[in-house]
Amino acid sequence: MPEIVSEKENRGLILLSVHRFSLSLTLHRIERSMALQLICCFLVFLLYGNVSGKECTNSPNELSSHTVRAQLMSTEKQSSKAHALSDYHLNPTDESAWLELGRREALNKEVGIEEFDWLMLYRSMKGFGRVEVIARQRGEDFLSEVSLHDVRLDPDSMYGRAQQTNLEYLLLLDVDRLVWSFRKQAEPYGGWERPDVEIRGHFVGHYVSASAQMWASTHNRTLYEKMSSVIDALYECQKKTGTGYLSAFPPEFFDRFEAIKSVWAPYYTIHKIMAGLLDQHILAGSVKALQMVVWMADYFGNRVKNVIQKYSIERHWSSLNEETGGMNDVLYRLYSVTKDPKHLVLAHLFDKPCFLGLLAVQADSLSGFHSNTHIPVIVGAQMRYEITGDPLYKDIGAFFMDVVNSSHSYATGGTSVSEFWSDPKRLADTLGTENEESCTTYNMLKVSRNLFRWTKEMAYADYYERAILNGVLSIQRGKEPGVMIYMLPLGRGHSKARSYHGWGTKFDSFWCCYGTGIESFSKLGDSIYFEEKGTTPSIYVLQYVSSSFIWRSAGIELKQKTKPVNSFDPYLQVSITISTNESSSQISTMNLRIPSWTSLDGAKATLNDNNLQLPSPGNFISVTRNWMSNDIVTVTLPLRLRMERIQDDRLEYGSIQAILFGPYLLAGLTTGDWDINTGNSSSISDWITAVPASYSGQLISLTQETNGKTLVFSNSNGSLTMEELPIEGTNAAIHGTFRFVFPEKAAAVQSYVMLEPIDLPGTTVVHRGPNNGLAVSSSSIAPGADAMFNIVQGLDGKHGTVSLESSTQRGCFVCGIGGSYFSAAGNKTVQLICPSDSELDMMSFRQTVSFAPVAGGLRQYHPISFVAKGVSRNFLLEPLLSLRDETYTVYFDIHHQGNPEIDNFGRATSTPIEYDTS
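Residues numbered from 1 in each chain as written. Predicted model: local features only at pLDDT ≥ 70, side-chain atom pairs only at ≥ 80, totals over all residues. Heavy atoms only, no water.

**Let's talk about the packing of aromatic side chains**
When we look at a pair of aromatic rings, we describe it by the centre distance and by the angle of the planes.
For step 1, the next point in the chain: Across all of its chains, the model carries 35 aromatic pairs by this definition.
For step 2, the next point in the chain: Pairing F142 with W454 gives two aromatic rings, centres 6.0 Å apart and planes at 35°, and the pair type is tilted. Within this pair, whereas F142 is found in the loop between α8 (131-139) and β1 (144-145), its partner W454 is found in helix α23 (residues 438-455), the two being separated by 312 residues in sequence.
For step 3, the next point in the chain: Put simply, the rings of Y245, F249, F253, F254, F257, Y267, Y299, F300 and F350 pair up and form one aromatic cluster.
For step 4, the next point in the chain: Above the face of the F253 ring, R256 is positioned so that its terminal group lies 5.0 Å from the ring centre.
For step 5, the next point in the chain: Over the ring of Y268 we find K272; its NZ or CZ atom is 4.1 Å from the centre of that ring. (Phe/Tyr/Trp six-rings, centres within 6.5 Å; stacked < 30°, edge-to-face > 60°. Helix = DSSP H or I, 4+ residues; strand = E, 2+ residues; numbered from the N terminus. Lys NZ or Arg CZ within 6 Å of the ring centre and 35° of its normal.)

The following block contains the structure:
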């Protein structure tokens with residue numbers, strides 16, 4: 001008995017047909033004869049074509065990787081380049097790639113029945129014009145994006161500082177150097193914007209988008225003038241071509257693309273330029289930018305039509321195996337502005353049927369795909385749903401998100417390894433330096449954002465928060481403008497500075513992830529608030545970020561203040577204060593998110609000091625009223641520690657787990673250790689404890705001056721040495737920082753102390769007798785007298801210096817190399833020296849045993865800091881987003897006999913508890 005094909009499977013199996021018929025019927029309005037030819041060609045191919053499975057990809061294997069492409073562009077070994085490109089081929093993307101996954105019976109019907117199926121499809125698509133009405137009706141149910149012009153980040157918040165760092169970078173970039181490859185004036189930038197790199201110009205497109213977003217977010221006048229100059233320069237270039245073509249490389253690249261010859265993703269760059277121009281129109285009101293992007297669409301629409309007329313639509317689908325960025329997305333967005341059906345047809349032509357078809361039949365076949373080639377295709381498919389109202393594309397986006405989030409995601413919320421998706425639920429052995437390409441996080445945030453706007457489901461909101469905190473805010477190097485990463489290493493003992501790319505530079509990187517990076521940090525305010533329009537306006541507060549929002553439809557302004565989170569007072573504390581012009585205000589609803597990661601134990605919400613009933617985590621609390629000035633809503637939410645298993649279903653990797661504090665992923669400072677044994681502990685708090693606030697005041701570094709250099713007392717693999725003063729954010733800065741542990745309450749001078757390395761909680765510095773080097777003890781050994789030192793006034797007699805005298809070897813001092821006493825030998829080892837009377841009288845000796853303390857240390861505790869008990873050592877845990885060059889692990893090998901709190905929370909309901917206080 002033949003199996004029954006479900007409606008959804010059948011729709012997946014005919015997805016490519018939908019593409020072609022929607023294309024053909026709309027083309028019918030534009031060019032009737034061409035459309036009829038396409039229909040006939042397609043039916044012949046479907047009925048008589050080869051149905052053997054074909055690869056659906058974007059280019060062969062390693063050449064899909066931007067990193068590999070960049071290597072080929074920069075290599076001087078032409079023979080190696082030629083060999084790599086000699087295997088270049090693009091396998092046709094046709095329906096057989098995904099039909100193979102469907103029911104074979106659907107392919108073995110009689111011709112008459114097959115023709116009937118297509119006739120039914122044809123009849124359904126004849127009502128294509130009505131889809132726009134459906135979209136408008138459905139759109140009323142979507143949450144609306146709020147304008148970046150109406151949101152302002154608190155400059156003192158974590159988000160505000162990240163935005164300011166990015167603004168400083170955008171202002172650093174020179175207009176003439178940015179557009180050099182378009183008009184060849186001034187001096188070009190380096191990296192991927194070099195004149196000999198085929199993808200050149202992509203960053204310029206990102207810059208045009210980012211500057212529009214940043215200007216909307218800040219109204220910085222200098223930036224406005226700079227971005228306007230870029231638009232003017234590009235306009236002159238486009239006008240000079242006279243065809244609508246605008247790019248930093250010649251049209252010959254598209255000749256190669258259309259001929260299925262090797263070229264580095266030209267449409268990828270075109271997408272960035274078109275998206276930037278469209279953003280300039282939408283966010284900055286540039287009429288010129290809209291004219292430019294429409295002209296570009298006309299040019300590339302003609303190119304695509306020529307390929308179809310000269311060859312076939314199959315040839316065009318085949319060319320989509322090369323990365324095309326989000327061409328479908330930007331064209332759907334353009335159509336939403338112009339309502340020109342040519343733009344809608346062209347958008348359909350950049351959907352990737354073989355990839356979307358796999359998802360339409362709900363097959364997890366992501367393994368081996370280049371991640372950031374295909375996530376933008378999903379974003380475009382989501383825009384197709386918004387434009388046409390076709391629920392299939394909503395389902396595709398939801399299924400894709402579920403698959404990535406359940407089988408291909410790390411604890412950061414990020415995805416991909418070496419730019420590709422690996423096997424599902426097999427992530428444990430992918431941990432290394434090349435995890436989580438930053439571009440993928442940027443685009444996955446778009447996917448989740450759209451899904452939340454459509455459904456209000458909490459899982460998408462939780463994902464967005466997790467990914468932006470741990471995946472986006474992690475890629476800047478502190479407050480250094482223009483220093484970002486390509487990959488986010490997640491292997492043990494790795495560092496953001498030690499991946500293949502490492503940290504980029506201001507003017508000589510310009511990787512794809514630099515482009516998405518400057519956009520991410522320019523629109524940090526775009527997903528804090530969402531609006532639901534209707535008779536009673538409603539606002540959804542999705543993220544708790546210190547900011548203000550002018551809610552125009554309700555006639556009020558919200559000022560959100562979020563208290564910085566810390567580990568010793570584990571609560572997220574938020575207040576929202578209302579300002580209103582009473583003449584324009586009206587009854588409206590505020591919906592506040594209660595995240596899935598919190599608990600009701602200790603949670604609280606108030607309106608003007610009156611308690612509100614809280615729903616269970618994973619829901620919204622809703623307050624409806626005619627808001628008045630100085631109304632205050634507060635929310636207090638406990639942040640819980642929890643563990644989360646890596647997405648790997650093999651038994652041998654069941655102990656590999658990440659540790660989170662609320663939405664923050666905690667990284668353990670380590671060069672490679674990751675073993676934890678919790679014993680019979682029933683609670684995670686038995687083996688993870690918060691670093692008390694008082695500890696920050698006990699940090700110190702000890703320095704000496706010698707030969708014009710500043711040296712620092714440092715832990716070097718368990719031995720104590722004097723090392724050169726390190727830069728911030730490095731392992732060396734950590735190794736030069738200690739905590740003064742006072743066994744007894746006493747003043748800082750003339751008291752006994754122990755020195756605990758900041759990254760090795762529970763260990764102490766010990767001496768091993770006179771004339772021997774100092775070492776770091778094991779955390780499993782209780783500190784003894786050899787770990788105690790008496791702090792005395794520095795023997796060099798200088799103000800502010802200190803000397804450390806052994807508590808058991810009185811008259812013996814910790815000796816560095818600050819003076820000439822030991823420097824001649826070049827010995828960096830710190831020793832305990834018991835001087836003779838004559839040596840004690842020597843100033844050179846007194847200098848070597850005197851240290852200038854740096855209060856607070858070279859490295860401070862992050863406000864969110866914990867100590868986790870390990871097998872052979874303890875770990876200092878801090879948020880991954882706070883780290884720079886330090887080595888860390890975000891996963892631990894955790895063994896336990898009890899039932900600790902392991903949480904892989906999934907999708908939660910989002911039914912709000914309603915309050916009507918009007």
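**Structural notes on the environment of Q163**
For step 1, the next point in the chain: Assignment of secondary structure puts Q163 in helix α9 (residues 158-172).
For step 2, the next point in the chain: Assessed through its relative accessible area of 9%, Q163 is described here as buried.
For step 3, the next point in the chain: On a C-alpha basis, the gap between Q163 and L524 in space is 7.2 Å, while along the polypeptide they are 361 residues apart.
For step 4, the next point in the chain: Each residue touching Q163, except ones within four places of it in the same chain, is listed here: L153, M214, S217, T218, F521 and L524. (Buried < 20%, exposed > 50% of the residue type's maximum accessible area, 1.4 Å probe, protein only. Contact = heavy atoms within 4.5 Å.)

**Topic: the packing of helix α12 (residues 202-218) against helix α15 (residues 266-284)**
For step 1, the next point in the chain: Viewed as axis vectors pointing N to C, α12 and α15 meet at an angle of 20°, and their least axial separation amounts to 7 Å. The angle between α12 and α15 places the two elements in the roughly parallel class. The chirality of how α12 crosses α15 is left-handed. Only Y268, T269, K272, I273, A275, G276, L277, D279, Q280, L283 and A284 of α15 make contact with α12, whose side of the interface consists of H202, G205, H206, V208, S209, S211, A212, Q213, W215 and A216.
For step 2, the next point in the chain: By residue class, the composition of the contact of α12 with α15 is ten nonpolar, nine polar and two charged. (Axes fitted to C-alpha atoms, helices over the stretch in contact; angles between N-to-C directions. Parallel < 35°, antiparallel > 145°, perpendicular 65-115°, else oblique. Left-handed = near helix turned anticlockwise from the far one by under 90°. Nonpolar A, V, L, I, M, F, W, Y, C, P; charged D, E, K, R; others polar.)

**Structural notes on the side chain of H767**
For step 1, the next point in the chain: Here H767 shows up in the loop between β23 (765-766) and β24 (775-776).
For step 2, the next point in the chain: Of the polar contacts made by the side chain of H767, one reaches the side chain of T808; its length is 3.3 Å.
For step 3, the next point in the chain: If we skip the residues at most four places from it in the chain, H767 touches L774, D786, F789, S806, T808, Q809 and L832. (Polar contact = N/O pair within 3.5 Å; in protein donor to acceptor, adjacent residues only side chain to side chain.)

**Re the state of the cysteines**
For step 1, the next point in the chain: Tallying each qualifying case throughout the model produces one disulfide.
For step 2, the next point in the chain: At a sulfur-sulfur separation of 1.8 Å, the disulfide partner of C812 is C834. Handedness of the C812-C834 disulfide follows from its S-S torsion of about 100°: it is right-handed. Of the two residues, C812 sits in the loop between β26 (802-806) and β27 (813-815) while C834 sits in the loop between β28 (831-833) and α28 (837-840), which places them 22 residues apart along the sequence.
For step 3, the next point in the chain: Classification of C812 by relative accessible area gives buried; the value is 4%.
For step 4, the next point in the chain: Unpaired in this structure, C512 has its nearest cysteine sulfur neighbour in C439, at a distance of 3.6 Å.
For step 5, the next point in the chain: C512 sits in the buried class, given a relative accessible area of 1%. (Disulfide = S-S within 2.5 Å.)

**Side note on the environment of T624**
For step 1, the next point in the chain: Here T624 lies in strand β11 (residues 619-626).
For step 2, the next point in the chain: For the pair T624 and I587, spaced 37 residues apart in the sequence, the C-alpha separation amounts to 6.8 Å.
For step 3, the next point in the chain: At 2.6 Å, the side chain of T624 and the side chain of T589 are in polar contact.

**Describing the pairing of strand β31 (residues 875-879)**
For step 1, the next point in the chain: Across the five residues that make up β31, a large majority, five, are buried.
For step 2, the next point in the chain: Relative to β31, strand β15 (residues 664-669) is paired through three bridges, and the arrangement is antiparallel. Counted as the bridge partner of G668 is L877 from β31.
For step 3, the next point in the chain: Two elements, strand β30 (residues 866-868) and β31, share three bridges in a ladder whose sense is antiparallel. Looking at the pairing, A868 lines up with F875 of β31.
For step 4, the next point in the chain: Linking two consecutive strands that pair antiparallel, namely β30 and β31, is a turn of six residues. (Pairing = 2+ DSSP bridges.)

**Some thoughts on unusual backbone geometry**
For step 1, the next point in the chain: One non-glycine residue with positive phi stands out, namely K425, at about 55°.
For step 2, the next point in the chain: Relative to the helices and strands, K425 resides in the loop between α22 (391-407) and α23.
For step 3, the next point in the chain: A positive phi angle, close to 50°, is found at N608, a residue other than glycine.
For step 4, the next point in the chain: The residue N608 is located in the loop between β9 (604-607) and β10 (610-611) in this model.
For step 5, the next point in the chain: On the basis of relative accessible area, N608 is assigned to the partly exposed category, the value being 32%.

**Observations regarding the pattern of salt bridges**
In a structure, side chains of opposite charge can pair up when their charged atoms sit close to one another.
For step 1, the next point in the chain: Within this structure, the stated rule accounts for 35 salt bridges.
For step 2, the next point in the chain: Between D255 and R303 there is a salt bridge; the shortest N-O distance is 2.6 Å. Separated by 48 residues along the polypeptide, D255 in helix α14 (residues 252-258) and R303 in helix α16 (residues 287-310) bring together distant segments of the chain.
For step 3, the next point in the chain: On the accessibility criterion, R303 (11% relative accessible area) is buried. (Salt bridge = Lys/Arg side-chain N within 4 Å of Asp/Glu carboxyl O.)

**Remarks on the side chain of H348**
For step 1, the next point in the chain: Examined against the element boundaries, H348 turns out to sit in helix α19 (residues 341-349).
For step 2, the next point in the chain: A residue is classified by how much of its surface remains accessible, and H348, at 1% relative accessible area, is buried.
For step 3, the next point in the chain: Reaching out from H348, the side chain makes a polar contact with the side chain of R384 at a distance of 3.4 Å.

**Remarks on the sheet that holds strand β2 (residues 151-153)**
For step 1, the next point in the chain: Ordered in space as β2-β5-β6-β7-β12-β9-β10, the seven strands form an open sheet in which the pairing is antiparallel. Because the sheet does not close on itself, it has two edges, and the strands there are β2 and β10.
For step 2, the next point in the chain: Pairing analysis gives three bridges linking β2 to strand β5 (residues 547-551), with the strands arranged antiparallel. Residue pairing for β5: V151 is matched across the bridge by F549.

**Thoughts on the confidence of the model for the chain**
For step 1, the next point in the chain: Of the residues in the chain, 81% reach a pLDDT of 70 or more, and the chain-wide mean stands at 85.
For step 2, the next point in the chain: Here residues 18-55 scores under 50 on pLDDT; set against residues more than four positions off or in separate chains, the count is 79 contacts.
For step 3, the next point in the chain: The low-confidence segment residues 819-825, where pLDDT is below 50, has 17 contacts with residues more than four positions distant or belonging to other chains. (pLDDT = per-residue confidence, 0-100.)

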